[in-house]
Amino acid sequence: MGLNRRDFGNVLLGGGLLAWLGSVLYPMLSFLKPPKVAEANVNSVKAGLASEFPNNSAEIVKFGRKPVILVRTETGELRAFSATCTHLECIVQYRGDLKQIWCACHNGLYDLKGRNVSGPPPKPLAEYAVNVVDDEIMVSKIS
């Protein structure tokens, strides 16, 4: 049994419609799903000179694609933590008047060991290792 003209026309139009639909939807769907980007694996970064870093202050340092807060306490000890709040991922800052790390989004506080003290943050900040080599501050992941 062969196809008559009407069935052949329906198959041809249906196939054309399917091809058109695919050519329109594929670019839309591929646009919505971003490509995988290889992220650089960063193990340590230089954060500046220790002699230029005053006591009771802090600085935000880029650690790959993540921010890290480097804090120098009143006694001169250097500490580094993830600068992303564990509550809603806001960027934290150091409050020298309180001697604590503060999240401005919902008034969360962390002590200088990274532990959550008050407010909504559910867990402590991730800690990073800090070493000073020839006056150069090096911040690295803790193994």
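Here, every reference points to the structure presented above.
What counts and how
Numbering of residues starts from 1 in each chain and follows the order in which that chain's sequence is written. Local features in a predicted model are, by the rule used here, given only for residues with pLDDT of at least 70; side-chain atom pairs are given and counted only at 80 or more, and totals for whole chains, interfaces and linings are based on all residues. To get the side-chain values, take all heavy atoms of the structure and skip hydrogens and water. Salt bridges are defined as contacts in which a side-chain nitrogen from Lys or Arg sits within 4 Å of a carboxyl oxygen from Asp or Glu. Numbering of helices and strands starts at the N terminus; helices are DSSP runs of H or I of at least 4 residues and strands are runs of E of at least 2. Exposure is judged per residue with a 1.4 Å probe applied to protein chains only, and the accessible area is read against the type maximum: over 50% gives exposed, under 20% gives buried, and values in between give partly exposed. Pairs of cysteine sulfur atoms within 2.5 Å are identified as disulfides in what follows. Here, a strand pair is defined by DSSP locating no fewer than two bridges between the strands. To get an axis, a line is fitted to the C-alpha atoms, and for a helix only the part in contact is used. The angle between two axes follows their N-to-C directions and goes from 0 to 180 degrees. Only buried residues count toward a nonpolar core. Its members are Ala, Val, Leu, Ile, Met, Phe, Trp, Tyr and Cys residues joined through side-chain atoms within 4.5 Å. The contact criterion used is simple: two residues touch if any of their non-hydrogen atoms lie within 4.5 Å.

Asks: Can you lay out the pattern of salt bridges for me, pointing to particular residues and giving the numbers?
Replies: Charged atoms that come close allow side chains of opposite charge to pair. Under the definition given, this model contains 5 salt bridges. The partner of Glu127 in a salt bridge is Arg79, and the shortest N-O contact between them spans 3.8 Å. A residue pair is termed long-range when its members are at least 10 positions apart, and Glu127 in strand 9 (residues 127–133) and Arg79 in strand 4 (residues 78–82) qualify at 48 residues. Of the charged contacts in the structure, one is a salt bridge between Arg95 and Asp97, with a shortest N-O distance of 2.9 Å. Arg95 gets classed as partly exposed once you look at its relative accessible area, which sits at 26%.

Asks: Before we move on, could you go through the state of the cysteines and cite the residues and values that matter?
Replies: Following the criterion strictly, the structure yields 1 disulfide and no others. Paired by a disulfide, Cys90 and Cys105 hold their sulfur atoms 1.9 Å apart. An S-S torsion of about -110° defines the bridge between Cys90 and Cys105 as left-handed. A residue pair is termed long-range when its members are at least 10 positions apart, and Cys90 in the loop between strand 4 and strand 5 (93–95) and Cys105 in the loop between strand 6 (100–103) and strand 7 (108–110) qualify at 15 residues. For Cys90, a relative accessible area of 15% gives the class buried. The structure places no disulfide on Cys85, whose sulfur is separated from the nearest cysteine sulfur, that of Cys103, by 3.7 Å.

Asks: Explain the sheet that holds strand 3 (residues 66–72) to me, using residue names and the numbers behind them.
Replies: In space, the 6 strands of this open sheet follow the order 1-10-9-4-3-2, with antiparallel pairing throughout. Each of the sheet's edge strands pairs with one partner strand only, and the pair in question is strand 1 (44–49) and strand 2 (57–63). The mean angle between the axes of side-by-side strands here comes to 30°, regardless of whether they run parallel or antiparallel. Bridge count for strand 3 against strand 4 is 5 bridges, and the pairing is antiparallel. In the sheet register, Ile69 faces strand 4, and the bridge partner there is Phe81.

Asks: For the nonpolar core, give the residues involved together with the corresponding values.
Replies: By size, the foremost hydrophobic cluster in this structure holds 15 residues, and its most contacted members are Phe63, Leu70, Ala80, Ile137 and Val139. Those elements that provide at least two residues to this core are strand 1, strand 2, strand 3, strand 4, strand 9 and strand 10 (136–141). Once residues lying within four places of it in the same chain are set aside, the contact partners of Ala80 are Val68, Ile69, Leu70, Ala126, Glu127, Tyr128, Val130 and Val139. With 13 residues, the next largest nonpolar core counts Cys85, Cys90, Ile101 and Leu125 among its residues.

Asks: Break down the pairing of strand 4 for me, citing the residues and quoting the values.
Replies: Across the 5 residues of strand 4, 5 count as buried, placing the element largely inside the fold. Here strand 3 folds back onto strand 4, and the loop between the two strands holds 5 residues, one of which, Gly76, carries a positive phi near 95°. The pairing of strand 4 with strand 9 spans 2 bridges and is antiparallel. Within strand 9, the position partnered with Phe81 by the bridge is Glu127.

So yeah, pure geometry; function would need other evidence.
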